[in-house]
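Chain and residue survey
Here is how the chains run, residue by residue.
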Amino acid sequence: MTKYIKNIILTSRPLNVAISIATTALAANMLDLDNSNLLVKMMIVVATSVFIANALNDMFDHKVDTINRPNRPLASGSISLKGLIAAVIAVSIVNLVVLFYLNAMAFYFCLCLIYPLIVMYTPLFKPSPFIGNAVISSILGFVFLFVDICINKTMSNMVPPFILAFMLTMIREIVKDMQDLDGDKKMNLNTLPNAIGIEKSISIIRMLSLILFGIGLFFWKELGLSIYYLTTFIVFIVLPVGYTAIKINKVLSFKTAADVLKVCTAAGLVVIYLMK
């Protein structure tokens, strides 16, 4: 049982779950939430949704993961498919029960948009160049909109954080596809690097990086944000992302580039918080 629980935790991608919980708390703080009960409910829904998304991805991708990520619990045989399905069902029940106690707008936002995207991502969207990257980037950025809906029954307050999170995640997802290119080719997955090649994909990463930098500076000017926001945006986002975009496939391997961008994603929470 201990080994089973350990492998379930590993399947959830604990760092991703931790980042999603931190993002929920940060967004709630930005909106001046003083209701700890609501905060806990939002954290549970977000964390369990991330687990479900990662577990479903592992189920659909278990064959290609034997090539790209052979150490993943399901791909390595450390956990059975039946065991993972049982965990997903149990976590889904918890997710839906807690979601039921949030407001109706939050309930339908998840039921009609988030959950269908999570379920259809790997079999339908992931094999589609660029579209799959956009979908997974949206799902992660939707945490900000979800929190705003839960608290204020609107999503307008969290649109700027959503855009920054979306753009940063989009860049990293394309880099991850480059890292997985060999396995994706063998499994005939039509990801962006497989469809247009590495060099053109790198050009798109550089273009998206410039767009991200422009959007960040636009928010600083138009929203009247502080010098602290500008400083952290340059230090935590512009410099490392810019360096990665220039040096990828030269000085930096795809794996190293993806790791750098993951750190930028976590550090980006500080930048987003300073948008308050």
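We now turn to the structure provided with this report. (Residues numbered from 1 in each chain as written. Predicted model: local features only at pLDDT ≥ 70, side-chain atom pairs only at ≥ 80, totals over all residues. Heavy atoms only, no water.)

**A short note on the side chain of Thr-24**
Note on placement: Thr-24 falls in helix 2 (residues 14-30). A polar side-chain atom of Thr-24 sits 2.8 Å from the main-chain carbonyl oxygen of Ser-20. Each residue touching Thr-24, except ones within four places of it in the same chain, is listed here: Leu-39, Met-42, Met-43, Val-46, Val-143 and Val-147. (Helix = DSSP H or I, 4+ residues; strand = E, 2+ residues; numbered from the N terminus. Polar contact = N/O pair within 3.5 Å; in protein donor to acceptor, adjacent residues only side chain to side chain. Contact = heavy atoms within 4.5 Å.)

**So, the environment of Ser-201**
With respect to the helices, strands and loops of the structure, Ser-201 is situated in helix 12 (residues 198-222). Accessibility expressed as a relative area gives 0% for Ser-201, which makes it buried. With 23 residues separating them along the chain, Ser-201 and Met-178 place their C-alpha atoms 8.2 Å apart. The contact partners of Ser-201, leaving out residues within four places of it in the chain, are Ile-174, Met-178, Leu-192, Pro-193 and Ile-196. (Buried < 20%, exposed > 50% of the residue type's maximum accessible area, 1.4 Å probe, protein only.)

**Quick notes on unusual backbone geometry**
For Phe-130, which is not glycine, the phi dihedral falls at a positive 70°. Residue position: Phe-130 is located in the loop between helix 7 (104-125) and helix 8 (131-152). Residue Phe-130 is classed as partly exposed on the basis of its relative accessible area, which comes to 34%. Positive phi values are uncommon outside glycine, yet Lys-153 reaches one of about 55°. Tracing the backbone through its elements, the reader meets Lys-153 in the loop between helix 8 and helix 9 (159-179).

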